[in-house]
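Understanding the architecture of this molecule
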Amino acid sequence: MHIAAADEARPLRTTYLICAAAWALPGAGHLWLGRSQKGLVFLMTLPLMFACGLWLEGRLFPFELTQPLVALAAFADIGIGVPYFVAKAMSQGAGRAIAPTFEYGNAFLIVAGLLNILVVLDAFDVAQGRK
Amino acid sequence: MTSHLGAMVVFALFVSVVFATLMRDEPREQLRLGLRLFGGLVGGGIVAGWLLYPLPF
């Protein structure tokens, strides 16, 4: 399978657009940059991990700045991009604290968002010709 | 799914797939790193579980 070598640096405006796409739809940045194998893996894996978190009755935390840990979890949740808003629109992610899998669900949701942020940073590096 | 081990294995699978894809470019290297990460996460989780088992809290 062809893996692209380090590309030339793209203009900063384009790089930011790529990062926005990578955040909104996991893997979109790598697909845009021609790294289709990586992009497809992220596109399949991260939304699936997020969906598993919802299925395990995890909670999409609210932005409560008075509770710093809750706010940090909310920032991590939103790292997954559009799937977060889709879940919110479908009234998913209320969480059920007495469910045996509640904490696992939270871990899936939070880590899916954080992993997507790492994917965005990787797309930034690729777009800047660093990888 | 209410199995703690099952949830941990699925979690380890997702994390190792994403990290291996992110950190390596060649598919063969991705597979090797992914397997090592997966084994480390699952094995480490089981070992930590046994070490913590005697604790009363």
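The following paragraphs examine the structure supplied in this document.

Criteria and cut-off values
Residues numbered from 1 in each chain as written. Chains lettered and ligands numbered in written order. Predicted model: local features only at pLDDT ≥ 70, side-chain atom pairs only at ≥ 80, totals over all residues. Helix = DSSP H or I, 4+ residues; strand = E, 2+ residues; numbered from the N terminus. Buried ≥ 20, exposed ≤ 12 C-beta atoms within 10 Å, placed from the backbone. Core = buried A, V, L, I, M, F, W, Y, C linked by C-beta atoms within 7 Å. Contact = placed C-beta atoms within 7 Å. Nonpolar A, V, L, I, M, F, W, Y, C, P; charged D, E, K, R; others polar. Axes fitted to C-alpha atoms, helices over the stretch in contact; angles between N-to-C directions. Parallel < 35°, antiparallel > 145°, perpendicular 65-115°, else oblique. Left-handed = near helix turned anticlockwise from the far one by under 90°. Expected span 1.5 Å × (residues − 1). Arc of directions from axis to C-beta.

Secondary structure assignment for chain A yields six helices and zero strands. Secondary structure of chain A in N-to-C order comes out as α-α-α-α-α-α. When its C-alpha atoms are laid out on the principal axes, chain A stretches across 50 × 35 × 20 Å. Evaluated residue by residue, chain A yields a buried proportion of 44% over its 131 residues.

Moving on: the nonpolar core. Counting residues in hydrophobic clusters, the biggest one holds 41 residues, and the most contacted among them are L46(A), F108(A), A112(A) and A123(A). Of all the elements in the fold, those that place two or more residues in this core are α1 (12-24), α2 (28-32), α3 (36-55), α4 (68-78) and α6 (102-127) of chain A together with α1 (4-23) of chain B. Per element, the largest residue contribution to this core is 12 residues, and it comes from α6(A). Aside from chain neighbours lying at most four places away, what touches A112(A) is L46(A), M49(A), F50(A), G53(A) and I80(A).

Now for the interface of chain B and chain A. By a widely used convention, the size of an interface equals the accessible area lost when the partners come together. Each partner contributes residues to the interface: chain B has 14 residues there, and chain A has 20 residues. Among the elements that take part in the side of chain B that touches chain A, α1(B) stands out by supplying nine residues, more than any other. When grouped by side-chain class, the residues that make up the side of chain B that touches chain A number 10 nonpolar, two polar and two charged.

This next bit is on the packing of α6(A) against α1(B). Contact geometry of α6(A) with α1(B) gives a least axis separation of 11 Å together with a crossing angle of 0°. It follows from the interaxial angle that α6(A) and α1(B) lie roughly parallel. Mapping the contact onto sequence places Y104(A), A107(A), F108(A), V111(A), L115(A), L118(A), V119(A) and D122(A) in α6(A) and A7(B), F11(B), V15(B), V18(B) and L22(B) in α1(B). For the contact of α6(A) with α1(B), the per-class residue count stands at 12 nonpolar, no polar and one charged.

The next thing to look at is the packing of α3(A) against α6(A). Residue and element names in this part refer to chain A. It is the contact of α3 with α6, at a shortest axis distance of 7 Å, that shows an interaxial angle of 155°. If you check the angle between α3 and α6, you find them roughly antiparallel. At the point where α3 passes α6, the crossing takes the left-handed sense. The segment α3 lies against α6, with F42, L46, M49, F50, C52 and G53 engaging G105, F108, L109, A112, L115, N116 and V119. Residue composition of the contact of α3 with α6, grouped by class: 10 nonpolar, three polar and no charged.

The next point concerns unusual backbone geometry. Even without being a glycine, E57(A) presents a positive backbone phi close to 65°. Assignment of secondary structure puts E57(A) in the loop between α3 and α4.

Before going further, it helps to spend a moment on the environment of G95(A). Residue and element names in this part refer to chain A. Following the sequence through the fold, G95 ends up in the loop between α5 (82-89) and α6. Exposure remark for G95: the 18 C-beta atoms within 10 Å place this residue in the partly exposed category. Sequence separation between G95 and G58 is 37 residues, and the spatial gap between their C-alpha atoms is 4.7 Å. Discounting chain neighbours no more than four positions away, the residues touching G95 are E57, G58, R59 and F102.

Think of an α-helix as 3.6 residues a turn; residues three or four steps apart then line up on the same face. All names here are of chain A. For α1, spanning 13 residues, the distance from its first C-alpha to its last is 18 Å, which sits close to the expected 18 Å at 1.5 Å a residue. Listed as buried for α1 are T15, I18, A22 and W23. End-on, the buried residues of α1 take up no more than an arc of 135°, which puts them together on one face. Residues of α1 that are exposed and point more than 90 degrees away from the buried face comprise R13 and T14. Tucked into the core, α1 has its buried residues touching α2 and α6.

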